[in-house]
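Each chain is listed here by its residues.
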Amino acid sequence: MNPEFVHLHLHTEYSLVDGIVRIKPLMKKTAEMAMPAIAMTDQSNLFAMVKFYRAAIQAGIKPIIGVDLQLYNAADPNQPTRLVLLCQNQVGYKNLTRLVSRTYTEGQHLGVPMLEQGWLKGASEGLIALSGGREGNVGQALIAGNQKLAQQLLADWQALFPDRFYLELQRTGRPDEETCVHASVELALALKVPVVATNDVHFINADEFEAHEARVCIHDGRTLDDPRRPKRFTDQQHLRSPEEMIALFQDIPSAIENTVQIARRCSIELTLGKNYLPDFPVPAGSTIDEFLRQQSLAGLEKRLNFLFDKEADDFQQARQAYDERLILELDVIIEMGFPGYFLIVADFIQWAKDNGVPV
């Protein structure tokens, strides 16, 4: 039986900046390695969530939903740090969706959606946080040798995520990683903070590194042979097996054990295939079905007045086909449960017409 380990930091192909992991091959490989769970933490988005969730459930693998967020750095807005958030439960999932949306609506800096740490106050319940390794603000402080700042930053994170903040350790051959690992372990021991091992996965197999680099170059607008392009990744950021990860962190076994503990703490269920529409307000004493019929009949009368002469002898006969067709269409819409949808669409179209917006 394979040793237990769970990948908690992974970018799929839906991480449009830097991932090429495809969902179905990911689940196949995860099952082959006998890993009980797998996390999706795309950069700044949840685009792959439904596809990832369905594929994991079908493969008998526990899906863990998360996001790798860029954290706004007031000292240097051009150099954001990182924070990985994982959904522990339904409350955490709702908080995460709101936070991600807010990064796009309020947090864009030079076109990059960023999270502001202050937004987490009152919105961190149900979320487990990973420090981001060498790219997190604690990791950056440790690499710079600023132990006091690292302790302060860690205290801030623990206040936001009590018993739910982990110092993230990575060994993928990138600069300063080992410095960050040793300093993080020392800090963890001193302040009794848990650590967790991740591999910051961006591709499934090691031989896909060049394809991944091509993806990064496409996003960055550079070529593979450009000597000036930053090389932010290594060929070690593939879906390592549990045995490989255990060997890699044999000196820090708790970092491996905590991946399984975190996976056990995370459990959300998504309801798929069901439509959720807002309730359209209708006048007192009327149902939404009746209101749709009233509005539709009123609209038909306006159009018939334009098309025909109401005083003509054959007017009733001419309109019969329109009346019958409207009744048929309304019966279908109401039977499918969509009257609210049509009223909502009609409402914003009418607003657009009233305000000079082309429709």
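Details of the structure are given in the entry above.
Residues numbered from 1 in each chain as written. Predicted model: local features only at pLDDT ≥ 70, side-chain atom pairs only at ≥ 80, totals over all residues. Heavy atoms only, no water.

## Things to note about the overall build of the chain
In terms of regular secondary structure, the chain is built from 12 helices and eight strands. Relative to the globule expectation of 21 Å for 359 residues, the C-alpha radius of gyration of the chain, 27 Å, shows a markedly less compact shape. Buried positions account for 46% of the 359 residues belonging to the chain. Of the roughly 19000 Å² that the chain leaves accessible, carbon and sulfur atoms contribute 53%. (Helix = DSSP H or I, 4+ residues; strand = E, 2+ residues; numbered from the N terminus. Rg over C-alpha atoms; globule rule 2.2 N^0.38 Å. Buried < 20%, exposed > 50% of the residue type's maximum accessible area, 1.4 Å probe, protein only. Areas by Shrake-Rupley, 256 points an atom, 1.4 Å probe, with all protein chains shown as cover.)

## Quick look at the environment of glutamate 269
Turning to its location among the elements, glutamate 269 is positioned in the loop between helix H9 (253–265) and helix H10 (288–307). Glutamate 269 gets classed as exposed once you look at its relative accessible area, which sits at 61%. Placed 180 residues apart in sequence, glutamate 269 and asparagine 89 show a C-alpha to C-alpha distance of 8.2 Å. If sequence neighbours within four positions are ignored, glutamate 269 has contacts with Tyr53 and Gln90. (Contact = heavy atoms within 4.5 Å.)

## Observations concerning the packing of helix H1 (residues 23–32) against helix H2 (residues 49–58)
Where H1 contacts H2, the axes come no closer than 10 Å and their chain directions differ by 35°. Handedness of the H1/H2 crossing: right-handed. Across from Ile23, Leu26 and Met27 in H1, the residues of H2 making contact are Lys51, Phe52, Ala55 and Ala56. Of the residues contributing to the contact of H1 with H2, the split by class is six nonpolar, no polar and one charged. (Axes fitted to C-alpha atoms, helices over the stretch in contact; angles between N-to-C directions. Left-handed = near helix turned anticlockwise from the far one by under 90°. Nonpolar A, V, L, I, M, F, W, Y, C, P; charged D, E, K, R; others polar.)

## Notes on the packing of aromatic side chains
In total, this model carries eight aromatic pairs according to the counting rule given. Ring centres of tryptophan 157 and phenylalanine 165 lie 5.7 Å apart, and the angle between their planes is 5°; this geometry places the pair in the stacked category. The class for tryptophan 157 is buried, based on a relative accessible area of 1%. For phenylalanine 165, a relative accessible area of 3% translates into the label buried. Among the aromatic residues, ring-to-ring pairing joins Trp157, Phe161 and Phe165 into one connected group. (Phe/Tyr/Trp six-rings, centres within 6.5 Å; stacked < 30°, edge-to-face > 60°.)

## A short note on the layout of surface pockets
In this structure, the largest pocket occupies an estimated 970 Å³ of space. Each residue belonging to the lining of the largest pocket can be placed in one class, and the counts come to 13 nonpolar, 14 polar and 10 charged. The volume enclosed by the second largest pocket comes to roughly 780 Å³. For the second largest pocket, the lining is made up of 23 residues, of which Gln295, Ser296, Gly299, Arg303 and Ala346 are closest to its centre. If you list the elements that add at least two residues to the lining of the second largest pocket, you get H10, helix H11 (315–335) and helix H12 (339–354). Of the residues in the lining of the second largest pocket, the class split is 14 nonpolar, four polar and five charged. (1 Å grid on protein atoms, 1.4 Å probe; cavity = no way out; pocket = protein on both sides within 12 Å on 5 of 7 lines; lining within 4 Å. Points joined across faces, edges and corners; volume = space filled by probe spheres on them.)

## Overview of the environment of proline 281
Among the structural elements, proline 281 can be located in the loop between H9 and H10. Between the C-alpha atoms of proline 281 and serine 296, which are 15 residues apart in sequence, the distance is 16 Å.

## Structural notes on the environment of glutamine 90
As for its position among the elements, glutamine 90 is in helix H3 (residues 90–105). Looking at glutamine 90, the relative accessible area reads 34%, which means it is partly exposed. Sequence-wise, glutamine 90 and asparagine 73 are 17 residues apart; in three dimensions their C-alpha atoms are separated by 29 Å.

## A closer look at the pattern of salt bridges
In the structure shown here, the tally under the stated rule is 17 salt bridges. Between arginine 264 and glutamate 4 there is a salt bridge, with its nearest N and O atoms 4.0 Å apart. Residue arginine 264 is located in helix H9, and its partner glutamate 4 is located in the segment before H1; the two are separated by 260 residues in the primary sequence. By relative accessible area, which is 39% here, glutamate 4 ends up partly exposed. Each of Asp68, Arg82, Arg134 and Glu135 takes part in salt bridges that share partners, so that together they form one network. (Salt bridge = Lys/Arg side-chain N within 4 Å of Asp/Glu carboxyl O.)

## Side note on H2
Every buried residue belonging to H2 is among Met49, Phe52, Tyr53, Ala55 and Ala56, and all of these are buried. On its buried face, H2 is in contact with H1, strand E1 (37–43), strand E2 (62–71) and H3.

## Some details on a nonpolar patch on the surface
Residues Leu16, Phe47 and Tyr104 make up a contiguous nonpolar surface patch of roughly 310 Å² in combined accessible area. Its location among the elements puts phenylalanine 47 in the loop between E1 and H2. (Patch = residues over 30% accessible without salt bridge, like charges linked within 9 Å, V, L, I, M, F, W, Y side chains within 5 Å.)

## Observations regarding the pairing of strand E8 (residues 195–198)
Here E8 shows two buried faces, one formed by Val195 and Ala197 and the other by Val196 and Thr198. Pairing between strand E7 (residues 165–170) and E8: four bridges, direction parallel. Directly across from glutamate 168, in E8, lies its bridge partner valine 196. Tracing the backbone out of E7, into helix H6 (residues 177–191) and back to the parallel element E8 gives a crossover that is right-handed. (Pairing = 2+ DSSP bridges. Right-handed = clockwise from strand over helix to strand, strands pointing away.)

## Brief notes about H6
Relative to the 21 Å expected for 15 residues at 1.5 Å per residue, H6 spans 21 Å between its end C-alpha atoms, a close match to the ideal helical length. Taken residue by residue, H6 has Glu177, Cys180, Val181, Ala183, Ser184, Leu187 and Ala188 as its buried positions. Contacts from the buried residues of H6 go to helix H4 (137–143), helix H5 (147–160), E7 and E8. Just downstream of H6, lysine 192 is the residue with a positive phi angle, here 55°. (Expected span 1.5 Å × (residues − 1).)

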